[in-house]
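Here is how the chains run, residue by residue.
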Amino acid sequence: MTIDPRLDQMRRDALQAFRPPAKLALADWIQESVFLPSSIAAQPGRMRLWKPQIEIANSIGDDTVERVSILKSARVGATQLMVGTLGHFVENDPSPVLCVVPAEADARHLMVSVIEPTFQESPSLRAALSDDSRDTMLHRRFAGGSLSIVSARAPRNLRARTARILFADEIDAYELSAGTEGDPVELAMRRTMTFGNRRIVLASTPVDAETSRILRAYEQSDQRVFEIPCPHCSQFSEIVWSDIKWDADKPETAHWRCPTCEGRVEDRVKAQLVQKGRWRALAPHVEGHRGYKLTSLTSTLPNATWPKLAAEFLQAKRSPTTLKPWLNTVLGEPWRGEGDDLDSTDFAALQRPFSLDTVPEDALVLTVGGDVQKDRVELTYTGWTAEGDMRVLGHVPIWGDPTDGETWIEVEDALRRQFRHPLGGVLNVDAAVIDSGNWADQVYDFCRPRSSRRVLAGKGVSGFSRPSLAFSTSRKVRLALIGVDGVKLALHQRLAHGETILFSDQLSGDYFDQVRAERLVTKFSRGRPMRLWEVISGRRNEALDTLAYSYAARQLVGLDMGRRESDLARKDGPKKAPTVVKSAWLGR
């Protein structure tokens, strides 16, 4: 039988017309379909992915890839990329989707301030998360699937959800609390086990190397790094911080030095080189698990130029307390345990000829930390410079039973003591925090009427992600909650590097033994590493505790340091604001 060629062509045309369109790569779909609102993007409108983001997005959409781990810094657009890929799973591959973030506030912010505005701005996604789809604020339904955003702090949130797609963001900030079923990341991953085609995306800025979840995940992946071509020798290399160079004290001259030919590459060509860059797997034998190291060094954002990063580094390197977050958030590097113990610290080299009787000129603020024992109250006096450096002026024990009112009269006298400043004025105690511990009733009774003078009862709370100072109310007293783990780590890091803490030469060796009385150790709980402070056998730690409370008390004081310096230079004390008398007659 002969087939009319015209009919055959019509048949082929009809088949072509009904053939589904070729599947767009996920990165292409994002750039075509996702629009960013002005509330979350400096450049609103259609999302444009940065070159390193394109492969990451396509890996998340690749059916042959089960896991994607992103070891990242800040300023790399990771949250926007997550929202864009989320839109893909809502629109093109509907499934139960679970997003896990560190805290409940993070979950609300992600849904209300990021996801909903982006979906509302994007025509193809606008109807996906309408009010009709809302079960609760953080759980939405859409055709073929659902979206749940939960906090890692509540294990019940994870038990109640099953998902094919898991996004776990900032996993190094997840807290492992006592009494839980286990690590939140492991719990979340279990919720995907019933799906043979599951997809797991883990992302985080790393914190501490010993306990970093994202570092372990990246090391289990194929470990991809982003490389750019040198314009001089054409060799591809990863940009690392050791290759960023600048003239002495001139961060504006910062540039990249090619590790192959040592050619100088200016920041103005970075965007062009990044556009020509590529990802390279350091462990190509690993299949199904892609890992990406994404840092600000290759970011083309205006606030991530090499000169800006160099200037930030020069500010941050003064103290480990500022260097650590810079390392985490700019380089995407974990902190590797510096300052875990102080046995090698030369405290004698940190002593200077000042004391409570001879206050150094740069000490402009004075705080006190207190610790109560069964036969004494110990107080540490700390002076603070305009730059935030610490001057430990003295450590004073007040002997007496804490249940005896006479003991607290002496504590009151100690906190009201005035110190002659070299500028000519008088320095008073600006704030004090006293550990309530086993003597809560006595400390509360003492601090309650003195809270207006910033004399507060304190209580240490564990957890390295805790703020150094927060507040609560207990028995009608304002209670300072001290994040002692993080504060002690900050003190250890300061003491292990540089001279941002100096001590009076009147302090004895026993005092310094107490300051170095604890060390940071890593132990395993339910199979996961946890960092905690351990008191070294045979040592007392009152000096460390009082120094930590004095450190936290600094946050109670908000002063214009220039004005404080001027006030101290006035021998008659600070100038009082004029009294304004308001007449009730004007309101008649």
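Residues numbered from 1 in each chain as written. Predicted model: local features only at pLDDT ≥ 70, side-chain atom pairs only at ≥ 80, totals over all residues. Heavy atoms only, no water.

**Notes on the overall build of the chain**
Moving on, step 1. From N to C terminus, the chain includes 17 helices and 29 strands.
Moving on, step 2. Per-residue burial for the chain yields a buried fraction of 52% across its 588 residues.
Moving on, step 3. As displayed, the chain offers around 28100 Å² of accessible surface, 49% of which is attributable to carbon and sulfur atoms. (Helix = DSSP H or I, 4+ residues; strand = E, 2+ residues; numbered from the N terminus. Buried < 20%, exposed > 50% of the residue type's maximum accessible area, 1.4 Å probe, protein only. Areas by Shrake-Rupley, 256 points an atom, 1.4 Å probe, with all protein chains shown as cover.)

**Some words on the confidence of the model for the chain**
Moving on, step 1. On average, residues of the chain score 86 in pLDDT, and 88% of them reach the 70 mark or higher.
Moving on, step 2. The low-confidence segment residues 14–22 (pLDDT under 50) makes zero contacts with residues lying over four places distant or belonging to another chain.
Moving on, step 3. Across residues 576–588, confidence stays below pLDDT 50; counting only partners more than four residues off in sequence or on other chains, it has zero contacts. (pLDDT = per-residue confidence, 0-100. Contact = heavy atoms within 4.5 Å.)

**So, a negative patch on the surface**
Moving on, step 1. On the surface, a cluster of negative charge is made up of Asp-401, Asp-404, Glu-406, Glu-410 and Asp-413.
Moving on, step 2. Within the secondary structure, Glu-406 sits in helix H12 (residues 405–415). (Patch = residues over 30% accessible without salt bridge, like charges linked within 9 Å, V, L, I, M, F, W, Y side chains within 5 Å. Salt bridge = Lys/Arg side-chain N within 4 Å of Asp/Glu carboxyl O. Lys, Arg positive; Asp, Glu negative; His and termini not counted. Charge placed at Lys NZ, Arg CZ, Asp CG, Glu CD.)

**Focus on the pattern of salt bridges**
In a structure, side chains of opposite charge can pair up when their charged atoms sit close to one another.
Moving on, step 1. With the rule as written, the count across this model stands at 33 salt bridges.
Moving on, step 2. Across the pair Glu-66 and Arg-198 runs a salt bridge whose closest N-O atoms are separated by 3.4 Å. One end of the pair, Glu-66, is in the loop between helix H3 (51–60) and strand E3 (67–72); the other, Arg-198, is in the loop between helix H7 (184–190) and strand E9 (199–204), with 132 residues separating them in the sequence.
Moving on, step 3. Take Glu-66: its relative accessible area is 30%, and that puts it in the partly exposed class.
Moving on, step 4. Taken together, the shared-partner salt bridges in this structure form one network comprising Asp-375, Arg-376, Glu-378, Arg-540 and Glu-542.

**Notes on the environment of Leu-559**
Moving on, step 1. Structurally, Leu-559 is set in the loop between helix H16 (542–553) and helix H17 (561–568).
Moving on, step 2. The spacing of Leu-559 and Ala-386 is 173 residues in sequence and 9.9 Å in space, taken between C-alpha atoms.
Moving on, step 3. When sequence neighbours within four positions are dropped, the list of residues in contact with Leu-559 reads Val-365, Asp-430 and Arg-564.

**Notes on the sheet that holds strand E14 (residues 264–265)**
What holds strands together in a sheet is hydrogen bonding between their backbones, with the strands either parallel or antiparallel.
Moving on, step 1. Spatially, the three strands line up as an open sheet ordered E12-E13-E14, and their pairing is antiparallel. What marks the edges here is a single partner per strand, and that holds for strand E12 (244–247) and E14.
Moving on, step 2. Across three bridges, E12 lies against strand E13 (residues 250–257) in antiparallel orientation. Among the inter-strand pairings, Asp-247 is bridged to a residue of E13, identified as Lys-250.
Moving on, step 3. In the packing of helix H10 (residues 306–316) onto the sheet, the strands contacted are E12, E13 and E14, and the crossing angle to E13 comes to about 120 degrees. (Pairing = 2+ DSSP bridges. Axes fitted to C-alpha atoms, helices over the stretch in contact; angles between N-to-C directions.)

**Focus: the packing of aromatic side chains**
Moving on, step 1. Scanning all chains against the criterion turns up 16 aromatic pairs.
Moving on, step 2. Seen from their ring centres, Trp-279 and Tyr-292 are 4.8 Å apart, and the 80 degrees between their planes marks the pair as edge-to-face. One end of the pair, Trp-279, is in strand E15 (residues 278–281); the other, Tyr-292, is in strand E16 (residues 289–294), with 13 residues separating them in the sequence.
Moving on, step 3. Their ring planes at 65 degrees and their centres at 6.2 Å tell us that Phe-503 and Tyr-511 sit as a pair that is edge-to-face.
Moving on, step 4. Classification of Phe-503 by relative accessible area gives buried; the value is 0%.
Moving on, step 5. Residue Tyr-511 is classed as buried on the basis of its relative accessible area, which comes to 4%.
Moving on, step 6. Among the aromatic side chains, those forming a connected cluster through ring pairs are Trp-241, Trp-246, Phe-313 and Trp-326.
Moving on, step 7. Here the guanidinium or amino end of Arg-278 rests over the ring plane of Phe-236, the centre of that ring lying 3.9 Å away. (Phe/Tyr/Trp six-rings, centres within 6.5 Å; stacked < 30°, edge-to-face > 60°. Lys NZ or Arg CZ within 6 Å of the ring centre and 35° of its normal.)

**Observations concerning unusual backbone geometry**
Moving on, step 1. A positive phi angle is found at Glu-262, which is not glycine, with a value near 60 degrees.
Moving on, step 2. Its location among the elements puts Glu-262 in the loop between E13 and E14.
Moving on, step 3. For Glu-262, a relative accessible area of 56% corresponds to the exposed category.
Moving on, step 4. One non-glycine residue, Arg-454, adopts positive backbone phi at about 65 degrees.
Moving on, step 5. With respect to the helices and strands, Arg-454 occurs in the loop between helix H13 (440–447) and strand E24 (455–461).
Moving on, step 6. Residue Arg-454 is classed as partly exposed on the basis of its relative accessible area of 31%.

**A closer look at H10**
Moving on, step 1. Buried within H10 are the following residues: Trp-306, Leu-309, Ala-310, Phe-313 and Ala-316. Buried residues of H10, viewed axially, fall in a sector of 125 degrees; they line one side. (Arc of directions from axis to C-beta.)

**Here we look at the layout of surface pockets**
Moving on, step 1. Size it by volume and the second largest pocket reaches roughly 570 Å³.
Moving on, step 2. Leu-36, Gln-43, Arg-48, Gln-80 and Leu-301 are, among the 19 residues lining the second largest pocket, the residues nearest its centre.
Moving on, step 3. Counted by class, the lining of the second largest pocket contains ten nonpolar, six polar and three charged residues. (1 Å grid on protein atoms, 1.4 Å probe; cavity = no way out; pocket = protein on both sides within 12 Å on 5 of 7 lines; lining within 4 Å. Points joined across faces, edges and corners; volume = space filled by probe spheres on them. Nonpolar A, V, L, I, M, F, W, Y, C, P; charged D, E, K, R; others polar.)

**Side note on empty space enclosed by the protein**
Moving on, step 1. One pass over the structure, following the stated rule, counts two cavities of 30 Å³ or more.
Moving on, step 2. The volume enclosed by the largest cavity comes to roughly 90 Å³.
Moving on, step 3. Along its surface, the largest cavity is lined by Ile-60, Ile-70, Ala-78, Leu-81, Met-82, Thr-85, Phe-167, Ala-168, Asp-169, Val-201 and Ala-203.
Moving on, step 4. Those elements that place two or more of their residues in the lining of the largest cavity are helix H4 (78–91), strand E8 (165–169) and E9.
Moving on, step 5. In terms of residues, the lining of the largest cavity owes the most to one element, H4, which gives four residues.
Moving on, step 6. For the lining of the largest cavity, the class distribution of residues is nine nonpolar, one polar and one charged.

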